[in-house]
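The primary structure of each chain is shown beneath.
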Amino acid sequence: MSTGKRPPKNPSAMRMVADLVALFRKSAGFTQAGLARRLVVTESTVAAIEQGRRPLLPDLAAALDQLLDTKGALSVAVASLPEIDQFPLYAEQYMAHEREVIALSWYDVLAVPGILQTEECARTVLRNRVPAYDEDEIETKTAGRVQRQKILHRKTPPTLSFIVWEAALQLAYLEPRARIEQLRHLRACAELTGLALQFLPLDAPAHAGLDGAFTLLETPTHQHLAYTESQRGSQWVSDPDEVSILARKYAMLRSQALTPEHSRGLLNRLLGES
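Just so it is clear, the structure is predicted and the values come from calculations on it, not from any experiment. (Residues numbered from 1 in each chain as written. Predicted model: local features only at pLDDT ≥ 70, side-chain atom pairs only at ≥ 80, totals over all residues. Heavy atoms only, no water.)

(A) Focus on the layout of surface pockets. The volume enclosed by the second largest pocket comes to roughly 290 Å³. Taken together, 19 residues line the second largest pocket, and the ones lying closest to its centre are V41, D59, L60, H97 and E100. For the lining of the second largest pocket, the residue count by class is ten nonpolar, five polar and four charged. (1 Å grid on protein atoms, 1.4 Å probe; cavity = no way out; pocket = protein on both sides within 12 Å on 5 of 7 lines; lining within 4 Å. Points joined across faces, edges and corners; volume = space filled by probe spheres on them. Nonpolar A, V, L, I, M, F, W, Y, C, P; charged D, E, K, R; others polar.)

Right, here's the structure in full:
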């Protein structure tokens, strides 16, 4: 996932939005816990927004406006933030949704999906970035990527599906020990409840994913979203027609990939344990 340097936030603007959320919530007679239940988010999410530790996303602002009958005030406040303090940081917005999804479908082409990477694999991938990150950035971003893996072990896990082109399993950029560790980690992930891991073989006669990697998400409010990346940036996709196109591609990829059972067999063969 692309993660460039984050522009500085404007704390006073974020504080203004945070204070508005708290004011409107209290005026409507909600506790943080009660509001969280109605929005189908965690209480800690509401608290973080009201404390200015987490930006208010446009879709959540719209939901709050409807629930609290604030006539669009929060949506306008978010849209009117100075450019430096808006939330067009698509990778950051994606990760905020990723923490709370009920379903996630991820197709990757040339790399192991970020939330399935070992710490050493993540560090190596980030170290190969051009232009290079400094060592402090690498360690910070590695820790952040590992932290995202909590989604795999939630008390109520989301439904997770991963399709990875077999080429990503070559892992030639890793030392032999790290490569074996990553393959074993993938095999362990493939055994998790609610997770399906499939590989698209190199000799697949058909391939619906030639345009590149993408991710599909379903939020707790059943909103369907998508996220794509390229060498020059990321794109957050919310238009239903565009999300539908990617969902159809993913459905085709699932039929073209090895079954989860055969995919585990491929991992075993790569590990010399067939």
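We are not done yet, so read on.
(B) Main features of the packing of aromatic side chains. Inspection of the entire model under this criterion finds three aromatic pairs. With a centroid separation of 5.8 Å and 55° between ring planes, the pair formed by Y107 and F214 is classed as tilted. A residue pair is termed long-range when its members are at least 10 positions apart, and Y107 in strand β1 (residues 103–108) and F214 in strand β4 (residues 214–218) qualify at 107 residues. For Y107, a relative accessible area of 0% gives the class buried. For F214, a relative accessible area of 3% translates into the label buried. (Phe/Tyr/Trp six-rings, centres within 6.5 Å; stacked < 30°, edge-to-face > 60°. Helix = DSSP H or I, 4+ residues; strand = E, 2+ residues; numbered from the N terminus. Buried < 20%, exposed > 50% of the residue type's maximum accessible area, 1.4 Å probe, protein only.)

(C) The arrangement of empty space enclosed by the protein in detail. With the rule as written, the count across this model stands at two cavities of 30 Å³ or more. As for the second largest cavity, its lining consists of V21, L35, L39, V41, T45, V46, I49, L60 and L64. Those elements giving two or more residues to the lining of the second largest cavity turn out to be α2 (32–39), α3 (43–50) and α4 (58–68). At three residues, α3 tops the list of elements feeding residues into the lining of the second largest cavity.

(D) Region of the structure containing the environment of L20. If you trace the backbone, L20 turns up in helix α1 (residues 11–27). Classification of L20 by relative accessible area gives partly exposed; the value is 23%. A C-alpha to C-alpha distance of 8.9 Å links L20 and A77, two positions 57 residues apart in sequence. The contacts of L20, once residues within four sequence positions are left out, are L74 and A77. (Contact = heavy atoms within 4.5 Å.)

(E) Broad picture of the packing of α2 against α3. In contact at an axis separation of 8 Å, α2 and α3 are set at 115° when each is read in the N-to-C sense. As far as their axial angle goes, α3 and α2 are roughly perpendicular. Of the two possible hands of crossing, α2 and α3 adopt the one that is right-handed. Taking contact as the criterion, the partners of Q32, A33, L35 and A36 in α2 are, on α3, E43, V46, A47 and E50. (Axes fitted to C-alpha atoms, helices over the stretch in contact; angles between N-to-C directions. Parallel < 35°, antiparallel > 145°, perpendicular 65-115°, else oblique. Left-handed = near helix turned anticlockwise from the far one by under 90°.)

(F) Focus on unusual backbone geometry. Note the cis peptide between V130 and P131, where omega equals -5°. Checked against the element boundaries, P131 lands in the loop between α7 (119–127) and α8 (135–147). Phi angles above zero are rare outside glycine, and V40 is one such case at about 60°. Structurally, the position occupied by V40 is in the loop between α2 and α3.

(G) Layout of the nonpolar core. Counting residues in hydrophobic clusters, the biggest one holds 33 residues, and the most contacted among them are Y94, L116, L152, F162 and L197. Here this core takes four residues from helix α9 (residues 176–189), the largest share from any one element. Leaving out residues up to four positions away in the same chain, L152 has contacts with I115, L116, L160, C189, L192 and L195. Counting residues in each nonpolar core, the second largest holds 20 residues, with F30, V46, A61 and L64 among its members. (Core = buried A, V, L, I, M, F, W, Y, C linked by side-chain atoms within 4.5 Å.)

(H) Quick peek at the pattern of salt bridges. Summed over all chains, the structure comprises 13 salt bridges. Linking R25 and E50 is a salt bridge whose minimum nitrogen-to-oxygen distance equals 2.5 Å. Within this pair, whereas R25 is found in helix α1, its partner E50 is found in helix α3, the two being separated by 25 residues in sequence. With respect to burial, R25 and E50 carry one shared label: buried. In this structure, R177 engages E181 in a salt bridge whose closest nitrogen and oxygen atoms are separated by 3.4 Å. Residue R177 and its partner E181 are located together in helix α9, separated by four residues, close to a single helical turn. A relative accessible area of 57% places R177 in the exposed class. Salt bridges linked by common partners bring E119, E120, R123 and E139 together as one network. (Salt bridge = Lys/Arg side-chain N within 4 Å of Asp/Glu carboxyl O.)

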